[in-house]
Structure formats: C-alpha cells, structure tokens
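Chain residues, written in single-letter form:
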Amino acid sequence: MSDAVLSDVCEVDGACLYYEVRGSGPALLMISGAGGDAGYYAGVAEGLADAFTVITYDRRGNSRSTGRRAGPMDLAQQAADARGLIESVAGGHALVFGNSGGAIVGLTLAALHPRVLTGLVAHEPPAVNVLPDGDPDRGFFGDVAALYAEGGAPAAGRRFAATTRGEGTYRWPEDLWKRFLANQDHLFGTEWPGFAGFRPDVAALRAAPFPIVLGAGAADRGAYYARPSVEIARRVAVPWVEFPGIHMEFLRNPPLFAAALRVLATQMLSREGQVPAQWVGGPTPGAGQLC
C-alpha cells in the first residue's frame, strides 16, 4: 500500500476540479454521489493503491472544487468533467467506478465519451425512472425536491438520510461531514434535477467497447437506489454483481469494500489485457493543470 497522496487541481470548462491520486498501475477513477467529495473513497483508495492508480475528485461545485452556480446542471456537464479529468490526469483512459449519483455520472460518461473508458462499475445508481410505471419509488426525487422547496436543505437532507440504509450506524470523518453539509444546497438546488431526470442510453451502453458491470450491496436489496441496477443490467445485457454491505460500505468498512472492488476491477481489466505483469509507476507531480 502506498502512503503517498498527490493532490492537485485540474482545469475543465468553467471550473477547477480538486483531485487526489494514490498508487500505481492501471488508472481507476472513482466518482462520488451526493456531496461529490473525494473523501468518501479515501480508505478504499489507500487499500487499492498497490494495484491501481486511484484517482478521486470533488465533483464540480462541491467541497474543494469550483464551478458552483445557481440553476440546474445537466449530466452532460458532469460527464464532460470526468472525461477532462481522465484525459488530463489518467493519460486518456481509465476504469471508472461510480456510486449512487456518481454511478449515474459514470453511465452518462460511458454513453457520451466511451473512448476514455476501459470499463465501468456502476454501483447502486438511483435511476428510478427505469422502475415500473406506478412504482412508488419513482416519486422519490420529486418528494425530496418538494421538501427542499418548502424547508430548504435541512428538511431535504433529513429525508434523504432517512431513506439510506445504514446511515447513523457509523461515524463519518468530521472534515468530510462538514464539507457535505456545505454542499447540500448545491446538491438539492443544482444537481438534483439532472439525477431526477436520468434515463440510461441503452443503445449507447450496449455498443460500448469495454466491459460494464452493475451492482448493489447485499444489505440494500429492495431499496429504491439498488433495484434500478438490476433493471439496467437486464436492459443493457451486462453482468450484475452483489457487493458487501450498505449503500456507502466504502465509508463504513473501506477494507471490505476495497477487497470486493479489487477482484472485480482486476477481472474486468484482465479480460481487456490491461493488467501489467508487474506494477510500476505512480502519480506524477504536476499531472494536472493548476488554476
């Protein structure tokens, strides 16, 4: 395991994205969901740093990245940001892992910019629009949006947390928690409409020239944010896998989650011939563009 962490900023269209790089080997970009913070994956990144060059980042407008604005932000912008980061920091190609809203960004990235991916793992994308007509979970985003309009971020945040299994059973790192609270208005006011309207581009995902895997946690069966992964896997005709634990097991138990992701990521890259015989290299200082 490598203790070295490179932090820098990458200039993209209208924003500077804060990112961190750990380790050496094939590039693995990890995209966070609600709150958009690189800190969600710090423990997992450390656990994978002996096998992968793990890149984590704060999504546009979140935490230490710039680009916050009023009004909705579409998913194409989020995908373009991830593409820019891969091109600038990862040499143009990366295996991508996304959780929750980050999985939605990853699916959008795979559909719009397939040339920069070597594979995609979409973990629990809350793509409720793929659920059957009349399913009560299809109203989740609208219900939270109404709470935000009436009571602001605290009301929406309480409902959001209450629907996420396992929250309250472990402690977040204090610095991550503070940044998340400061990101809530951006989440519910700017990012929410894009996540709410997401529908996967099945034709583009079926045509992807790299492996795609959908997955969800063993403790999340039946949850509104886990069920769509099964349906998307069916529509795209790709594998579905079960991960250990809850929606944010990577934060509750990083070593356990890293072990599961290591096996899957290595298998995906091995099929594509991307795994070297010996891990060499690592992050290069100044790989990004300073703002």
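The structure presented is a predicted model; accordingly, all values stated were derived computationally and were not measured. (Residues numbered from 1 in each chain as written. Predicted model: local features only at pLDDT ≥ 70, side-chain atom pairs only at ≥ 80, totals over all residues. Heavy atoms only, no water.)

> Would you mind showing me how to read the overall build of the chain here?
Along its length, the chain carries nine helices and eight strands. A compact globule built from 291 residues would reach a C-alpha radius of gyration of about 19 Å, and the chain, at 18 Å, matches this within 12%. Oriented by its inertia axes, the alpha-carbon framework of the chain measures out at about 55 × 40 × 35 Å. Here the chain holds 291 residues, and 57% of them are scored as buried. A sequence separation of at least 24 residues applies to 76% of the contacts in the chain between residues at least 6 apart. Between the centroid of the 24 positive side chains of the chain and the centroid of its 29 negative side chains there is a distance of 3 Å. (Helix = DSSP H or I, 4+ residues; strand = E, 2+ residues; numbered from the N terminus. Rg over C-alpha atoms; globule rule 2.2 N^0.38 Å. Buried < 20%, exposed > 50% of the residue type's maximum accessible area, 1.4 Å probe, protein only. Contact = heavy atoms within 4.5 Å. Lys, Arg positive; Asp, Glu negative; His and termini not counted. Charge placed at Lys NZ, Arg CZ, Asp CG, Glu CD.)

> Could you clarify how one ought to interpret unusual backbone geometry in this entry?
Glycine aside, a negative phi is what most residues show, and trans is what most peptide bonds show. Phi is positive for Ser-63, close to 55°, though the residue is something other than glycine. Assignment of secondary structure puts Ser-63 in the loop between strand E4 (53-57) and helix H2 (75-89). Judged by its relative accessible area of 23%, Ser-63 falls in the partly exposed class. Even without glycine at this site, Glu-124 takes up a positive phi of about 55°. With respect to the secondary-structure elements, Glu-124 resides in the loop between strand E6 (117-123) and helix H4 (140-162).

> Please explain helix H5 (residues 174-196) as it appears in this structure.
Residue pairs three or four apart in sequence face the same way in an α-helix, which turns once every 3.6 residues. Counted at 1.5 Å a residue, the expected span for H5 with its 23 residues is 33 Å, but the 29 Å between its end C-alpha atoms falls short. The largest bend along H5 reaches roughly 50° and is located at Leu-187. (Expected span 1.5 Å × (residues − 1). Bend = angle between axes of the 7 residues up to and from the residue.)

> Mind showing me how you'd approach the packing of aromatic side chains here?
Think of a pair of aromatic rings as described by two things: how far the centres are apart, and how the planes are tilted against each other in angle. The full count for this structure, using the stated rule, is 20 aromatic pairs. Geometrically, the ring pair formed by Phe-140 and Trp-192 is tilted, given 6.0 Å between the ring centres and 55° between the ring planes. A residue pair is termed long-range when its members are at least 10 positions apart, and Phe-140 in helix H4 and Trp-192 in helix H5 qualify at 52 residues. Across the pair, exposure class does not vary: Phe-140 and Trp-192 are buried alike. (Phe/Tyr/Trp six-rings, centres within 6.5 Å; stacked < 30°, edge-to-face > 60°.)

> Is there a simple way to explain the packing of H2 against helix H3 (residues 101-112) in this structure?
Running from N to C, H2 and H3 cross one another at 75°; their axes reach a closest spacing of 8 Å. The angle between the axes of H2 and H3 places the two elements in the roughly perpendicular class. Two secondary-structure elements touch here, H2 through Leu-75, Ala-76, Gln-78, Ala-79, Ala-82, Arg-83 and Ile-86 and H3 through Ile-104, Val-105, Thr-108, Leu-109 and Leu-112. Across the contact of H2 with H3, the residue classes tally to nine nonpolar, two polar and one charged. (Axes fitted to C-alpha atoms, helices over the stretch in contact; angles between N-to-C directions. Parallel < 35°, antiparallel > 145°, perpendicular 65-115°, else oblique. Nonpolar A, V, L, I, M, F, W, Y, C, P; charged D, E, K, R; others polar.)

> Any chance you could explain the confidence of the model for the chain here in plain terms?
Per-residue pLDDT for the chain has a mean of 92; in total, 92% of the residues score no lower than 70. Low pLDDT, under 50, characterises residues 281-291; the stretch is placed with 26 contacts to residues that sit more than four places away or in other chains. (pLDDT = per-residue confidence, 0-100.)

> What should I look at first to understand the environment of Ala-216 in this one?
With respect to the helices and strands, Ala-216 occurs in strand E7 (residues 212-217). Under the relative-accessibility criterion, Ala-216 is labelled buried at 3%. Taking C-alpha positions, Ala-216 is 12 Å from Arg-165, a pair spaced 51 residues apart along the chain.

> Looking at this structure, how should I read the packing of H4 against H5?
The packing of two helices is summarised by the inter-axis angle and the distance between the axes. In the contact formed by H4 and H5, the axes pass within 10 Å of each other and the chain directions differ by 170°. Our classification of the angle between H4 and H5 gives roughly antiparallel. Between H4, through Phe-140, Phe-141, Val-144, Ala-145, Tyr-148, Ala-153, Ala-156, Gly-157 and Phe-160, and H5, the contact on the second element is made entirely by Gln-184, Asp-185, Leu-187, Phe-188, Gly-189, Trp-192, Phe-195 and Ala-196. For the contact of H4 with H5, a count of residues per class yields 13 nonpolar, three polar and one charged.

> What's the story with the sheet that holds strand E2 (residues 15-22) in this structure? I'm lost.
Strands belonging to one sheet form pairs held by backbone hydrogen bonds; the direction of such a pair is parallel or antiparallel. The eight strands are arranged E1-E2-E4-E3-E5-E6-E7-E8 in an open sheet whose pairing can be described as mixed. Two strands close off the open sheet at either side, each with one partner strand: strand E1 (5-12) and strand E8 (240-243). Neighbour to neighbour, the strand axes of the sheet diverge by 25° on average, direction disregarded. Each of E1, E2, strand E3 (27-31), E4 and strand E5 (94-99) touches H2; the most contacted strand, E1, lies at about 120° to it. Along the sheet, helix H7 (residues 227-236) contacts E7 and E8; its crossing angle with E7, the most-contacted strand, is approximately 160°. (Pairing = 2+ DSSP bridges.)

> Explain the pattern of salt bridges here, please?
For side chains bearing opposite charge, pairing can occur when the charged atoms are close. Applying the stated criterion to the full structure yields 20 salt bridges. Across the pair Glu-87 and Arg-115 runs a salt bridge whose closest N-O atoms are separated by 2.7 Å. With Glu-87 in helix H2 and Arg-115 in the loop between H3 and E6, the pair connects residues that are 28 residues apart, well separated along the chain. Of the charged contacts in the structure, one is a salt bridge between Arg-159 and Asp-143, with a shortest N-O distance of 3.9 Å. In this structure Asp-143 comes out as partly exposed when scored by relative accessible area, which is 39%. If you follow the salt bridges from partner to partner, you end up with Glu-20, Arg-22, Asp-37, Asp-58, Arg-64, Asp-175 and Arg-179 in one network. (Salt bridge = Lys/Arg side-chain N within 4 Å of Asp/Glu carboxyl O.)

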